[in-house]
Amino acid sequence: MKENTLSNIGQPMFEEDEQEFNLSEYIRRYFRYWYLFPIFIFLSLTAAFFYLQIKLPVYSTKTSILIKEEKSIGGTQGDILTEMSSQFGGNKTVENELEILKSQTLMEQVIKGLELDVAYSTRDGLRQINLYKSSPIIVKPEVLTPFAYEEPLMIHMVDSVHFRFNDEDKLFTFNQRFNNAWGAFVVTKGTSSEYSDVKITFTEVKNLAEGMLERLDIQQPNIKSTVLELTFEDSDVQRSKDVLNKLLDVYVQSSLTDKNSEASNTLKFIENRLGLITGELGDVEKDVESYKTNQGITDISAESQLFLENIKENDSKLNEVNTKISILESVDSYIQNAGEGAVAPATYMIDDPVLVSLLTKFNDLELQRERYARTTSPNNPLLQTINTQLAGTRQSIRENVQNLKRGMAVTKRNLEGINTRFSAGLRSIPKKEREFVGIKRQQSIKEELYLYLLQKREETALGYASTVTDSRLIDAPISTFKPIKPKTTLVFLGSAAAGVLIPIMLINLLFMLNNTVQRREDIEKVTHSSILGEIGQMQKTVGNAGARENIIKMTSRSAVAEQFRALRTNLQYLGDGNCRVIMFTSSIGGEGKSFVSVNLAASLAYSDKRVLLIGLDLRKPTLHERLEVPNKFGASNCLIGQGHYDEFVQSTDIHPKFDVLTSGPIPPNPSELLSNGKLPLLLADMKEKYDYILIDSPPYGLVTDSALIAEHVDATLYIVRFNYTILDHLRRIGELQRARRFSNLSVIFNGVNYGAGYGYGYGYGGYGYGYYSEEGEGKSQTVGTRLKKLVGMS
């Protein structure tokens, strides 16, 4: 059983064990930096407090409107208002109105109407407050320079009459025109206010409109309804209400203007035609009166009356055809000149349903194009689609008009042929009667056309006067009682969370940047060497207790003392169990090889073993300082043959069986001295007297002395210090293990801080020692050293 144990410990562990994730161990790593959490939580909460003091509260103001559906006032087919509604009303969709309400054009009109491009503010404590409609100073800009939009203007009121610009000393009075770097403007007195320093900020209307549109939200609460809910966020409650009210006013005005534009064009067309017909009718009536007076005509015979009625009916049809041809020509002219101020023809004068439908569609498309042209850019796909539809509809109308004109021309020729036949019959009628009938016929035609135009003018005027907005206000703008942001509770919770997360990220960053050995598994994984023992951190004594503070009282029951006893027990498992000459080395100085060698020697002495501790660190000896013995003579004297080692061996006051051979005077050639062949003879002589010979050698990673000593020892204990030895140094131990340059190489994990999340629950303090450091460094630590210890880098 013992042989199996020896074999398992002495052989390198070339197989890596998979380590399970230990949540408790992972969390315990953060306990070392517990002080960061209250610090950052306090700083985060303080920052949140000042943020809430500086940040202006933002309120939400809501209003809702109803988009009416297009319906006629009358109910019977052919009703005048129904006809007007079908011609002048468009089909509105909620989506279209939503986009119009959020258009840049409407918002710019709101800004200009409320003069929001000039903002007034002042400082009240830590907060910059807004002075909307409460500023003691009013600036009316006439011309602004680009500098005005980049730099605010400061006005300081001196008294009720005088004020100063920025830091100037010159005093100015109100109601004067000023010219400076900001431009030309007039400054007048505003409302009475307790504030005397006012900051005026000029903003371009376009940029301000974009920012305000980002704070405007329009939603359709119910997809089945036509109600729109408008929400605007602002730090000033009154300003947010004014913005919504003004936006709705501008929207309604724009809608009414669009609806009345077509009716206005139709009225102009009818008025022009009435003017012409009135003049023609007056001339015809004068001709009738003059003819009767001159010819003395009072009555017409029954025969001529019947003949006249036939001719009259035929002429009426011919005039109707001429009127239709005239209307078609006006339609053709309107289509050709559409968009250039042409008067729209009245569609109800055309009896062709296809042409009426095409004209109605053309007018609707023209109205939509004008509406989108005011709210969108020329390259807007929707506007381009409408232009394409307009071109197609225009071509269809022109083709339809040409077809109708050709048909009317045929009808006109037929009617003129009939008239020719009737005229031949009239030759039998007396000349006077025939002339009178011709004049009377013209009078009747003009009267009918005149009455028809009068009726249509009244119908159009009635439709124009009855035009109302297609939206209705449901709820007036209402603001929230409490600000919607910043939310105090959320800010404090977020800051508290940040106070926890920031230290966690900082600690994780320290873990990632820390390239030192933190766990036993790191050593086993990289070096493939057995760990003979672990030594925890010693609690540092208060005050300056000297070098003796690093020597453990082996009779105590402290955890570190128990660990040295366990290490002493594990020595019997090194190699074949008879390793009596043991060398201690490390990668760099400060890893604790002198500390471990002294305390292990003391522990062996207390187990009734004769122990000799040799200081073979001939370059930077510290062993005599730790044991507080003189270093006038020592190992260097033995190696150069100045005497027997018994002459230089010194006893210690730690235990009677614990002797020490210090390094002695520092030689000029330590490596040559160790390789002169006297060291193995010296060790063989010492083995006859001592049970164990412990050698404190220089760091292997710095000088070659340890490699020279290792040839003559039974085992090598390589010291690795927690949170100090660099991970890259472990690879050097692995190389030594694979090359078997050191016999019976094992590792001692020193200075383990079990309270730093290592995975155990002892929790000891710390101790310090250094290699090749300046004298006195162990007594007084610099600020840098303390900071290193604070973040776990030393």
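Residues numbered from 1 in each chain as written. Predicted model: local features only at pLDDT ≥ 70, side-chain atom pairs only at ≥ 80, totals over all residues. Heavy atoms only, no water.

Quick look at the sheet that holds strand β9 (residues 183-189) now. Ordered by their spatial adjacency, 3 strands build an open sheet running β4-β9-β8, and the pairing between neighbours is antiparallel. Each end of this open sheet is capped by a strand with a single partner; those strands are β4 (137-144) and β8 (176-180). Each neighbouring strand pair of the sheet contributes to a mean axis angle of 25 degrees, computed without reference to strand direction. One ladder, built from 5 bridges, connects β8 with β9; its direction is antiparallel. Counterpart to N179 in the pairing with β9 is A184. (Pairing = 2+ DSSP bridges. Helix = DSSP H or I, 4+ residues; strand = E, 2+ residues; numbered from the N terminus. Axes fitted to C-alpha atoms, helices over the stretch in contact; angles between N-to-C directions.)

Moving on, we come to the packing of aromatic side chains. Here a ring pair, both rings aromatic, is described through the centre-centre distance and the interplanar angle of the planes. Taken as a whole and judged by the stated rule, the model has 17 aromatic pairs. Aromatic side chains F165 and F172 sit 5.1 Å apart centroid to centroid with 50 degrees between the ring planes, which places their arrangement in the tilted category. Exposure class is identical for F165 and F172. Each is buried. Chaining the aromatic ring pairs together yields one cluster made of F163, F165, F172, F174, F178 and F185. When the ring centre of Y724 is taken as reference, the NZ or CZ atom of R721 above it lies at 4.8 Å. (Phe/Tyr/Trp six-rings, centres within 6.5 Å; stacked < 30°, edge-to-face > 60°. Buried < 20%, exposed > 50% of the residue type's maximum accessible area, 1.4 Å probe, protein only. Lys NZ or Arg CZ within 6 Å of the ring centre and 35° of its normal.)

Next up on the list: a nonpolar patch on the surface. A cluster of nonpolar side chains, L23, Y26, I27 and F31, forms an exposed patch at the surface whose accessible area comes to about 380 Å². With respect to the secondary-structure elements, L23 resides in helix α2 (residues 23-28). (Patch = residues over 30% accessible without salt bridge, like charges linked within 9 Å, V, L, I, M, F, W, Y side chains within 5 Å. Areas by Shrake-Rupley, 256 points an atom, 1.4 Å probe, with all protein chains shown as cover. Salt bridge = Lys/Arg side-chain N within 4 Å of Asp/Glu carboxyl O.)

This paragraph deals with the nonpolar core. Grouped burial of nonpolar side chains is what soluble globular proteins tend to show. Residues I614, M686, I695 and V720 are the most contacted members of the largest nonpolar core, which totals 42 residues. Each residue touching I614, except ones within four places of it in the same chain, is listed here: L623, A635, L661, L683, M686, I693, L694, I695 and D696. (Core = buried A, V, L, I, M, F, W, Y, C linked by side-chain atoms within 4.5 Å. Contact = heavy atoms within 4.5 Å.)

All chains considered together, the criterion is met by 19 salt bridges. Taking the shortest distance from any N to any O, the salt bridge between R215 and D234 comes out at 3.5 Å. One end of the pair, R215, is in the loop between α8 (205-214) and β11 (216-219); the other, D234, is in strand β12 (residues 227-234), and 19 residues separate them in sequence. Across the salt bridge formed by R239 and D234, the nearest N and O atoms sit 2.9 Å from each other. Judged by relative accessible area, which is 16%, R239 ranks as buried.

The subject of this paragraph is helix α23 (residues 727-739). Between the first and last C-alpha of α23 there are 19 Å, a value that for 13 residues agrees with the 18 Å anticipated at 1.5 Å per step. Of all the positions in α23, only H729, L730, I733, G734, L736 and Q737 are classed as buried. Down the axis of α23, the buried side of the element spans an arc of 160 degrees, and every buried residue falls inside it. The first or second residue beyond α23 is R740, which carries a positive phi of 55 degrees. (Expected span 1.5 Å × (residues − 1). Arc of directions from axis to C-beta.)

The next thing to look at is the sheet that holds strand β16 (residues 611-615). With mixed pairing, 8 strands are arranged side by side in an open sheet as β14-β21-β20-β15-β19-β16-β18-β17. Here the strands that pair on one side only, and so sit at the sheet edges, are β14 (531-536) and β17 (650-651). Note: strand β15 (residues 581-586) against strand β19 (residues 692-696), 4 bridges, orientation parallel. The residue bridging V581 from the neighbouring strand is I693, located in β19. Packed onto the sheet, helix α15 (residues 520-527) meets β14, β20 (715-721) and β21 (745-752) and runs at close to 150 degrees relative to β14.

Confidence in the prediction for the protein averages 79 pLDDT; 82% of positions are at 70 or higher. Contacts from residues 542-546, a stretch scored under 50 in pLDDT, to residues over four places away or in other chains number 1 contact. For residues 757-794, every residue scores under 50 in pLDDT, and the model assigns this stretch 84 contacts once sequence neighbours within four places are set aside. (pLDDT = per-residue confidence, 0-100.)

Of all residues except glycine, most have a negative phi; of all peptide bonds, most are trans. Backbone torsion omega between K485 and P486 reads -5 degrees, so that peptide bond is classified as cis. Its identity is not glycine, yet E115 carries a phi of approximately 55 degrees, on the positive side. Positive phi values are uncommon outside glycine, yet K133 reaches one of about 60 degrees. Tracing the backbone shows K133 in the loop between β3 (127-130) and β4.

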